[in-house]
Amino acid sequence: TPLDTPRTPVAASPRLSSPTSTSAPLSPLPKRVSEASRSRYRCRIFQKLAFWECLKAFSAWQPRSLEMEVNSANESKAAPVMDTSAPGLSSVITLGRNVESDGVADAPPISACLPKQETGAEAFLRAYPDYDGRGVVIGILDTGVDPGAAGLQVTTDGKPKILDIIDCTGSGDVDMSKRAAPEKDEDGNFFVTALSGRKLLLNPEWVAAGGGETAELRLGVKHAYDILPRGLKRRLQRERREAWDKEQGSAVASVTRAITEEKEKPEPTASVLEDLEIQLEELQSFADKYDDSGPVFDCVAFLHAESASWYGYVDTAESGDLRQCKAMRDFDKDREWRSMEGSAALNYGLHFYDDGKTLSIVNDVGAHGTHVAAITAAHHPDAPLLNGVAPGAQIVSLRIGDSRLGSMETGTGIVRALLEAKRIGCHMLNMSYGEAAAVTNKGYFVDLANEVVREHGMLLVGSAGNNGPALSTVGCPGGTTDGYIGVAAYVSPKMAQMLYSSLGADEDASACESQDLSQDNATFEAPVPGVGQNYTWSSVGPAPDGERGVSISAPGGAFTSVPLWTQQRSQLMNGTSMSSPNACGNIALLLSAQMQKGLSFSPPRIRRAIEITAKALDGVNVLKQGHGLLQVGDAYDYLDATSRIKVEDFSFNVEISGAGDNHNGSSSAVSQRGIYLRQPGSISAVQTAMVRVTPVFRKEASNEERVGFEMLAGLESSQPWIVSPEYVVLTHGGNSFDVRIDPTKLPPGVHFGFVKGVDLGTYEGTDLPSTRAPLFEAFVTVIVPHNMAERKSAPAWDYDVQHTIAAGALTRTFLQPPQGATWAEVSISRVDEADTDAKDQDRLMASRLIVLHCLQLLPQHPYREAETQSYLRLYRNDTRTSKVRLEPGHLVEVDVGQYWSSLGVTSVRIGVRFRGVTPTITSPHLQAGCGMLPVELQHDATCPRHERLKPSLVFRTFRRTLAPKSATVVCGGERYLLFDGKSTIHSLVLKYEFKASSSGNVKLSWPTLNDELYESPFVSQLFVLFDANKKLCGCGDAWSDKVSVGKGMHYIHLVIRHHDVKVLKSMEALPCAQIWDLPKGKITCDTYYSRAEAVTSGSRASASVLHPGSRQLLWIREPPRSALAKIKESGDLLGSITYTEDIDGGGKRPSGSRDQVAGWPVTYMVDATLLSSPADRAAGPATADPPVPPEEAYRKAAREAAVKHLKSLVGKEDFPAILELAVADHGEDLQFLVAAVDHKEAVAKKSKTVSSWNEAAEACTQVVSRIDEAEIARHFGIKHDLKDPAAKLEHKQMEKKRESLVKALRTAAGCHVNVHKLEKSEDAKAAFLSTMGELAKWEDVKELKYSDLLYHKHTLEEKKGAALKVLAQVIGHDDPNACKSLSAAEAKTIRSALFAELGWHHIAKQEELSAIVAAPANHAVL
């Protein structure tokens, strides 16, 4: 997930972490005021508002011509500048242009918009202006970078800023396999018919370049909404709806006016009025059912004959006129890009793959990536104060955000990004994305990332995550992968003032810091005045396997460039997404220096330099800040001083076994990367761990290099409770040593330390003491619970503590849940005391923003599955209570803190009450026919309170499984070549299909693969869901959401990628699990306190009390058959059961899914064979027909055989002769005449002449004349006893005659319609209307199957409204082929023409786009 949107409660404010109460309203200036006064006023406003607010304010004062005066000694002025890089914008006001930060009186600290002072980058660039990142290529793995965004055009030395833009996800792919040749129209224009059906007029230069009139063109089509960023899509939908509503209003006004005019006539025509009213109803219906399918872009490509390059064009204007348009080729060849037409302003480039069969439209899918790129390396030649950290660096946009998934990353995207980065030659990568992972430092992507660093010397920088403040919330890959430098987010006082308009919190921090905490049983953190702090939400280490997690900290907010489609040049964002590129830019400065000086810039050397020289922040937990705040100047000095020391280029693997909680779930013999003692069993005795340290060599390292490596390392422990040997000798194969940890005397709270290894002797002759140069470390974290007075005693059920906190302060409480506790009540009370000072009293009454974060760390489960986090707005004397589900037996961390920007000193009382009822069966499973299931509930005897029982069981979903219909392994092609250039990633394509009996919501999942991304052993998984018309209904990857499906057939394509074909082959039978919402929402089951009550459906279980130490047996009865009436197949009902009335659920079970259910999970296996009712099973066979004499049976069989043979000859030349023979043998049977009708109709459909249609109508007349209509009417006018065989036989014969009559009348009506179409005769019209009248006697012609005839009837009667209504019924039916003679697609085509005839062009356009999207030519590309 992009890590720029931390979970913060101030969602309504664009300044994500700024309290809304601190923003002063902007008062308008008097009309008559001098320019000097304006300037001073603006400078004051800068101190009150965020930068983006100032831009709006300035624009409002002087929207046409603004000159910003700044009071200075030289009275310098900055005029507005035309920004030619922003298409569609006539002028742009750029603050900071030509303004220096020094020597300007009253000037706002504009450079703080993109923080560089905190890390020393600003001073470094002044000292070394040429080491500004030039020569460094940085890959940005993100949502994509806008090539037209401000500051992303050139570097400081005039080179292109963006080397390439690549969509690594495939969501911008267009299938271009359709070939076409250019044609010429009557005007001499070259054209092709596009896949959308539009006529594309071609640029003649394309045809000439492609080889002339014999040129081969490639065609494709792309639905715009499949590639647009969500924010842009919402804006375009709003704008398109507004334009549509305007035209809709005109159409409604026109029809309303016609109704009024008709009513004002002396003799209004009732039928005309009725039809106009229907037209008005239809217009309203379209407004009510408005559905914007969005733009549809035609794509055309050709191979340039001379350059052998593919060129293409995307018709974003949807005009079809491309005669003056210029085609583009791969972005990296010419670095050309275009902007989508209209108000979208979305910039994009192109790439071609698979010999032109695939066109990739490359655009950003969110503002995030451009913002990240600008922080790293933006260069504003005319506004240097707004530059990124490394303005001389070049960037490559590697888009990993998939537009189909709302910019979420996919395995395909992240793996391909690494492959592309290696191919292009990136020196470093920034990845401001991440997810919680089930295991650390494992997975296909993780292994590939570590290989990139180890074998190819690429530096990886990543976000630590935005999921703090609880421990072990670092995300993958930034905080859990060896190869990544994980960066936390820091905010300085200057940033708080400039970016967030903070009033300052130093006074509050001092008050908070001064309190005596010696008696408090909690770990307490508070920022130190003037130092700054990490943001409240910044993720915290250690990693779940004990490694440090956070490497360094860097500024985590910035106001800088965003894509032009956002309709603004810059925007404030904060998150570790911003701290990571800030650190990346700083590191690029170091790489630039090393490159230009010809020195080594290996990842171990650079990483060691920035970690050793990072500045430790007072008041910030080491687990939160890592080694400290990055200091680029000090790191540069360190690199300079150690430039000749070869061991600096080595990294070391640290593997620890024998102690600590094994989060990765392996055996204790398998190593972790750190020591993490978190559970009571780990801290009750001294622990001994074996640490193995191994130097890392590249695969290509020679034998001499390996043999020649020998090093004596000194071992130093940072804490007295950690004991290690003094030395260890390291060779190529590594070595081991023991470390003893004694946690038995540590007070409650969190404790950390490390054993570091120092190279002894190597640093002689330098000014760096060996204590400053650790080559490796074994990090140790110990947590001691607060509610265990003695290590071996039972934990207490209640815990209370009170603290005084302020902005950024945090109290951590670690509690061991007692046995039997399955949930807890956590209460937070604000207990501030009254103050006589008026100012303090005002602050006392103001609200405080308090964060509550509760977390348990479960083996092989991501932290998100056992956490509860909420932001609470507390006023004085407020109390808020949260209920937290627990996994029994695992330590729970309860963090309470004041949001970093929420001002004021606050006294809070924290209370935790453990609760719980434990069932003997934690996941009840019922089977059809089992009747009932007993579950015993237990309440622990040590609990000081009783629990109130109120059982409730609810099923909400139904699960069934699908087996794949086919499995195919496909080679990945050029985009999936691995680093060796030979091996490739392959794809397994599994296809499933199912038929939905009705519309509904379904979630598709593959439990074997789901819920793993970075840690997955596969490259990726991705599925797409199509309907019968190839329309894309939904898609998903490791996590999927519910998809709405309509009635009918649907098809699922699942792609699994891996380089090993054998691994893929093993997945060929992988089943798909479908989880459907139940038709009526839910099914409930009854519960009872005794078996007898359950058997007899007696008194259900009601509210009762369960006392400590007592037990209660509960009987769960299976669902009643009546509740399962709509379930027609075998599968599983999924639901949950709760036992107490105080909380929805007795515990949160680790199910490996984001969609956690409330309560304990329950399943019920449905057996379809038991679903039929007893009456259905008891029903016997149908009543047999009366016996028939053998002679009559023979004649009947011979006649039926003749009819069957005749039907097989319908439309063929032999039919008349065989009909004559059949009549001669059997007489003029009615069924022979009916077959003749079918034959004549088939002949007429082929010849399409008036005479043939008249002959078919005459055949229908012969059938009608042979039927006694009065006899049929008499028969069906009375009821008959169908149990009587004779009466049943007669009824069957009459039904056959009636069917023949109806068929003849229906066919005759169709024949008259076709005659009227050909010659427009009144006779044909009269015959049709007369036949429809006859048909109406026997059938309800308003039924869907007669829609084609009814439409023609209304058309002939000039009732356009009624005709529209009929067509709407055909189109809106669940079955698109319900009317066999008029399909939904045909009805849409007819309706579009009718819209145009009525002047409803806005609806016609909507129908056109909807038809293209609903029935594409090909399946979407995977």
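Below or above, wherever it landed, is the structure these notes cover. (Residues numbered from 1 in each chain as written. Predicted model: local features only at pLDDT ≥ 70, side-chain atom pairs only at ≥ 80, totals over all residues. Heavy atoms only, no water.)

### As for a nonpolar patch on the surface
Thought 1: A cluster of nonpolar residues, Leu712, Tyr727, Val729 and Leu760, forms a patch on the protein surface that exposes about 350 Å² of accessible area.
Thought 2: Mapped onto the elements of the fold, Leu712 is located in strand E30 (residues 710–717). (Patch = residues over 30% accessible without salt bridge, like charges linked within 9 Å, V, L, I, M, F, W, Y side chains within 5 Å. Areas by Shrake-Rupley, 256 points an atom, 1.4 Å probe, with all protein chains shown as cover. Salt bridge = Lys/Arg side-chain N within 4 Å of Asp/Glu carboxyl O. Helix = DSSP H or I, 4+ residues; strand = E, 2+ residues; numbered from the N terminus.)

### Things to note about the pairing of strand E16 (residues 394–399)
Two faces make up the sheet, and in a regular strand the side chains alternate between them.
Thought 1: E16 sits mainly inside the fold: six of its six residues count as buried.
Thought 2: Side chains of E16 alternate between two faces, with Gln394, Val396 and Leu398 and Ile395, Ser397 and Arg399 buried alike.
Thought 3: Pairing of strand E4 (residues 162–167) with E16 involves five bridges; the strand directions are parallel. Within E16, the position partnered with Ile162 by the bridge is Ile395. (Buried < 20%, exposed > 50% of the residue type's maximum accessible area, 1.4 Å probe, protein only. Pairing = 2+ DSSP bridges.)

### A short note on the sheet that holds strand E33 (residues 735–741)
Thought 1: Sheet architecture is open: four strands sit in the order E27-E29-E33-E31, paired in antiparallel fashion. Each edge of the sheet is formed by a strand with only one pairing partner; in this case those strands are strand E27 (652–657) and strand E31 (722–723).
Thought 2: Here E27 runs beside strand E29 (residues 687–695); their pairing, made up of six bridges, is antiparallel. Looking across to E29, one finds that Phe652 is bridged to Pro695.

### A few points about the pattern of salt bridges
A side chain of one charge can pair with a side chain of the opposite charge when the charged atoms of the two come close.
Thought 1: This structure, assessed with the given rule, holds 60 salt bridges.
Thought 2: Salt-bridge contacts for Arg812 lead to Glu525; the nearest nitrogen and oxygen are separated by 2.7 Å. Remark: Glu525 occurs in strand E22 (residues 523–525) and Arg812 occurs in strand E37 (residues 810–815); sequence separation between them is 287 residues. By the burial criterion, Arg812 is buried, and Glu525 matches it.
Thought 3: With a closest N to O distance of 2.9 Å, Asp1238 and Lys1303 form a salt bridge. Here Asp1238 is found in helix H25 (residues 1230–1247), whereas its partner Lys1303 is found in helix H28 (residues 1285–1319), with 65 residues between them in sequence.
Thought 4: When its relative accessible area of 33% is taken as the criterion, Lys1303 is described as partly exposed.
Thought 5: Taken together, the salt bridges that share partners define one network made up of Arg198, Asp298, Glu318 and Glu1408.

### As for the packing of helix H5 (residues 230–263) against helix H33 (residues 1401–1414)
Thought 1: Direction vectors running N to C along H5 and H33 enclose 135 degrees, while the axes themselves pass 9 Å from each other. When the axes of H5 and H33 are compared, the pair comes out oblique. Between H5 and H33, the contacting residues are Arg240, Trp244, Glu247, Gln248 and Ala251 on the first element and His1402, Ile1403, Gln1406 and Leu1409 on the second.
Thought 2: Of the residues that constitute the contact of H5 with H33, the class distribution is four nonpolar, three polar and two charged. (Axes fitted to C-alpha atoms, helices over the stretch in contact; angles between N-to-C directions. Parallel < 35°, antiparallel > 145°, perpendicular 65-115°, else oblique. Contact = heavy atoms within 4.5 Å. Nonpolar A, V, L, I, M, F, W, Y, C, P; charged D, E, K, R; others polar.)

### Points about the packing of aromatic side chains
Each aromatic ring pair is described using two quantities: the centre-to-centre distance and the angle formed by the ring planes.
Thought 1: Per the counting criterion, the structure on display carries 27 aromatic pairs.
Thought 2: Consider the rings of Phe445 and Tyr1014, whose centres lie 5.5 Å apart with planes at 65 degrees: the pair is edge-to-face. Of this pair, Phe445 sits in helix H10 (residues 444–456) while Tyr1014 sits in the loop between strand E50 (1000–1005) and strand E51 (1020–1027), and the two are 569 residues apart along the sequence. Like Tyr1014, Phe445 is buried.
Thought 3: Ring geometry for Tyr535 against Trp900: centres 5.2 Å apart, planes inclined by 80 degrees, an arrangement best described as edge-to-face. (Phe/Tyr/Trp six-rings, centres within 6.5 Å; stacked < 30°, edge-to-face > 60°.)

### Considering empty space enclosed by the protein
Thought 1: Scanning the model with the defined rule gives 13 cavities of 30 Å³ or more in all.
Thought 2: The computed volume of the largest cavity comes to approximately 90 Å³.
Thought 3: Lining the largest cavity are Glu525, Ala526, Pro527, Gln533, Asn534, Gly619, Val620, Asn621, Lys624, Gly808 and Leu810.
Thought 4: For the lining of the largest cavity, the class distribution of residues is four nonpolar, five polar and two charged. (1 Å grid on protein atoms, 1.4 Å probe; cavity = no way out; pocket = protein on both sides within 12 Å on 5 of 7 lines; lining within 4 Å. Points joined across faces, edges and corners; volume = space filled by probe spheres on them.)

### Section: the nonpolar core
Thought 1: The biggest cluster of nonpolar side chains holds 56 residues, and the ones touching the most others in it are Ile138, Ile395, Met428 and Ile587.
Thought 2: Per element, the largest residue contribution to this core is nine residues, and it comes from helix H13 (residues 576–596).
Thought 3: For Ile138, the residues in contact, after removing those within four places along its chain, are Thr376, Ala393, Gln394, Ile395, Val396, Cys426, Met428, Cys584 and Ala588.
Thought 4: Core analysis: the next-biggest nonpolar cluster, separate from the first, contains 40 residues, Ala417, Met431, Ala449 and Met458 among them. (Core = buried A, V, L, I, M, F, W, Y, C linked by side-chain atoms within 4.5 Å.)

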